[in-house]
Amino acid sequence: ENPRTERLSSAHCAAQEMAGEEPMAPEGGGITVDPATSAETHLGFAKNQGPSADHTLHPNSSTNTTQNDERRHAEPGPNVSMKQFAPEITLGEAITDPDRTGHEVFCTRYSPDGQWVAAACGDGDVKIYSSATGTMQYQLKPQGDRESAPTCCVRFRPNTASSRTKNVLLTVNANGTVRHWHMTSMKCLHTIIEEDNQVYALDYRPDGLKFATAGQDYQVRIYDEATKTLQSTLSGGYGRTKAGHSNRVFSLKYSTTDPNIILSGGWDNTIQIWDVRQDVPVRSCFGPHITGDAVDLHGNDILSGSWRPEKQLQVWDIRTTQHVRDYTWTSAATSEHCMLYAAQYSKDPNGRHIVAGGSGSNEARVFERDSGNLVGTLRGMHHGVYSTDFHPTANQVAVASGDGAVRLVNYLQ
């Protein structure tokens, strides 16, 4: 079973719905997993479908196909040295009791200046820690919810010239609530309720003027930050020129260079590339099985982290949607596979490193982006790695686990 997604769903009284989902073999180019390789197949891969005729892509140019083939075949072999990271600071307490719930950290994010680290927890709270001392300074507690449910994703609002109020966070919850918070006063500034939806993913546009949410109902919603109103809903749909998602969406990523482009990934083995001026995807990548915050974009390279035992960490060309490389995830220290919930490029201008982590072997790894060399591995978590985030300026990464702790690692020491 997939512990992260099962926890998100069951926490919102969705046990009957989940129990009613019979596993289906993926159609057409879907992803399959040998049950002998992993026991975690019956939930994570339920109802996934491969591409249909409606997904047919017609790239404007095929000139990049040969280049992509060359990149795929010419990539260097990875350095598989198993350098072990040790946390510089551990935020919160790691819980080892497998029967306890509510402590899990489903998402972690640094503040824009790197001073704070937010941890979105399974009981709905968001804890804010000092990245320098590791002490918890603020705790955001939802009030008035119909039931307690996990806070699935958190983002700090970008600090831009148009931001009059600083230290604003945005959170989404498995009970369908979207909240704006003022960190230092610990007050909820505004609440949006998406009826009949569990919201798993969100992202701010880099200028902070728009934000997007997505979750159980397959749709991507675009909101205006100033008015907190819904601007558009991206859904596509079968019978259209291009179909949208056909299952839950767990990751969203705005382009940093084009304010109209946003990526979404989920259970249906696709990454959809949307232009917000249209209500259908402009392109689709087929193959990645996304069950967490595991889609990122740097230049023309889409990074995907898939919850499966092989070909977990991949790169795709946003222009052609072609697969261009894999990062080899060897497991010399353990026979267990690592199935990914999280993947991200570092935030330096060149995006020189990649971090990814997941369940199975319960580890996170940092790679050199260009060479594919393994920089090091963080192990020792009692549950899977649910979220990762690079520091905005320092050579540090935050690794959040289902055991309730966030570990800060200086990966270039």
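Located above this text is the structure these notes cover.
Sequence positions are assigned chain by chain, starting from 1 and proceeding in written order. Predicted model: local features are reported for residues with pLDDT of at least 70 only, side-chain atom pairs are reported and counted for 80 or more only, and whole-chain, interface and lining totals are derived from all residues. Each side-chain value is derived from all of the structure's non-hydrogen atoms; neither hydrogens nor water enter the calculation.

A.B. asks: Tell me what's going on with the pairing of strand β15 (residues 261-266), and back it up with residues and numbers.
C.D. replies: Counting buried residues in β15 gives six out of six residues, a clear majority hidden from the surface. Residue alternation in β15 divides its side chains into two sets, I261, L263 and G265 and I262, S264 and G266, and both sets are buried. Linking strand β14 (residues 249-254) back to β15 in an antiparallel pair, the connection comprises six residues. Pairs of strands are assigned from DSSP output, requiring at least two bridges between the strands. A run of H or I in DSSP becomes a helix once it reaches four residues, and a run of E becomes a strand once it reaches two; helices and strands are each numbered from the N terminus. Here β15 pairs with strand β16 (residues 270-275) via five bridges, running antiparallel. Residue pairing in the sheet places I262 in a bridge with W274 of β16. In sequence, β15 turns back onto β16 through a hairpin of three residues, with N269 there showing a positive phi of about 65 degrees. Burial classes follow relative accessibility: with a 1.4 Å probe on protein chains only, a residue under 20% of its type's maximum area counts as buried, one over 50% as exposed, and anything between as partly exposed.

A.B. asks: For the sheet that holds strand β13 (residues 230-234), give the residues involved together with the corresponding values.
C.D. replies: The strand order across the open sheet built from four strands is β10-β11-β12-β13, with neighbouring strands paired in antiparallel fashion. Across the chains shown, the open sheet's two edge strands, defined by having one partner strand only, are β10 (199-204) and β13. Here the strands of the sheet are splayed against their neighbours by 20 degrees on average, with no regard to which way each runs. Where β10 meets strand β11 (residues 210-215), five bridges bridge the pair, whose relative direction is antiparallel. Looking at β11, one finds that Y204 is bridged to F211. In this description, a line fitted to the C-alpha atoms serves as the axis of each element, helices being fitted only across the stretch in contact, and the angle between N-to-C directions of two axes falls anywhere from 0 to 180 degrees.

A.B. asks: Please give an account of the pattern of salt bridges that cites residues and values.
C.D. replies: We define a salt bridge as a side-chain nitrogen of Lys or Arg found within 4 Å of a carboxyl oxygen belonging to Asp or Glu. Counting across every chain of the model gives 20 salt bridges. The salt bridge partner of K347 is D389, with a shortest N-O separation of 2.9 Å. On the criterion of sequence distance, the pair formed by K347 in the loop between β22 (338-345) and β23 (353-360) and D389 in strand β26 (residues 385-390) is long-range, its members being 42 residues apart. Beyond isolated ion pairs, a larger network of salt bridges with shared partners links R109, R155, D203, D293, K347 and D389.

A.B. asks: Tell me what's going on with the environment of T257, and back it up with residues and numbers.
C.D. replies: Structurally, the position occupied by T257 is in the loop between β14 and β15. Distance in space between the C-alpha atoms of T257 and H298 is 9.2 Å, their sequence separation being 41 residues.

A.B. asks: Go over the sheet that holds strand β7 (residues 168-173), please, and point to the residues and values.
C.D. replies: Read from one edge to the other, the open sheet built from four strands follows the order β6-β7-β8-β9, with strand pairing classed as antiparallel. Sheet topology places β6 (151-156) and β9 (187-193) at the edges, where each strand pairs with a single neighbour. The sheet shows a mean angle of 20 degrees between the axes of neighbouring strands, direction not considered. Pairing geometry for β6 and β7, over five bridges, is antiparallel. Across the sheet, residue C153 finds its bridge partner in β7, namely V172.

A.B. asks: So what's going on with the packing of aromatic side chains? Which residues, and what values?
C.D. replies: When the centres of two rings from Phe, Tyr and Trp lie within 6.5 Å, Trp using its six-membered ring, the rings pair. Their planes under 30 degrees apart give stacked, over 60 give edge-to-face, and anything left gives tilted. Counted according to the given criterion, the structure contains 11 aromatic pairs. Between F211 and Y223, the aromatic rings sit 5.0 Å apart at their centres with planes inclined by 15 degrees, giving stacked as the arrangement. One end of the pair, F211, is in strand β11; the other, Y223, is in strand β12 (residues 220-224), and 12 residues separate them in sequence. Under the relative-accessibility criterion, F211 is labelled buried at 0%. Relative accessible area serves as the criterion here: at 4%, Y223 is assigned to the buried category. For the ring pair F250 and W267, a centre distance of 5.7 Å and an interplane angle of 50 degrees mean the geometry is tilted. Remark: W267 occurs in the loop between β15 and β16 and F250 occurs in strand β14; sequence separation between them is 17 residues. Summarising the burial analysis for this pair, F250 and W267 share the class buried. An aromatic cluster of at least three residues, connected via ring pairs, comprises F106, W307, Y341 and Y386. When the ring centre of Y327 is taken as origin, the NZ or CZ atom of R325, which lies over that ring, is 4.2 Å away. Working rule: Lys NZ or Arg CZ, within 6 Å of ring centre, within 35 degrees of ring normal, means a charge sits over the ring.

A.B. asks: Quick rundown of the environment of E93? Include the residues and the values.
C.D. replies: With respect to the element layout, E93 can be found in the loop between β1 (89-91) and β2 (105-110). In this structure E93 comes out as exposed when scored by relative accessible area, which is 61%. As for E93 and D403, which are separated by 310 residues in sequence, their C-alpha atoms are 8.1 Å apart. We call two residues contacting when some pair of their heavy atoms lies within 4.5 Å. Excluding residues that lie within four positions of it along the chain, E93 makes contacts with D403, G404 and A405.

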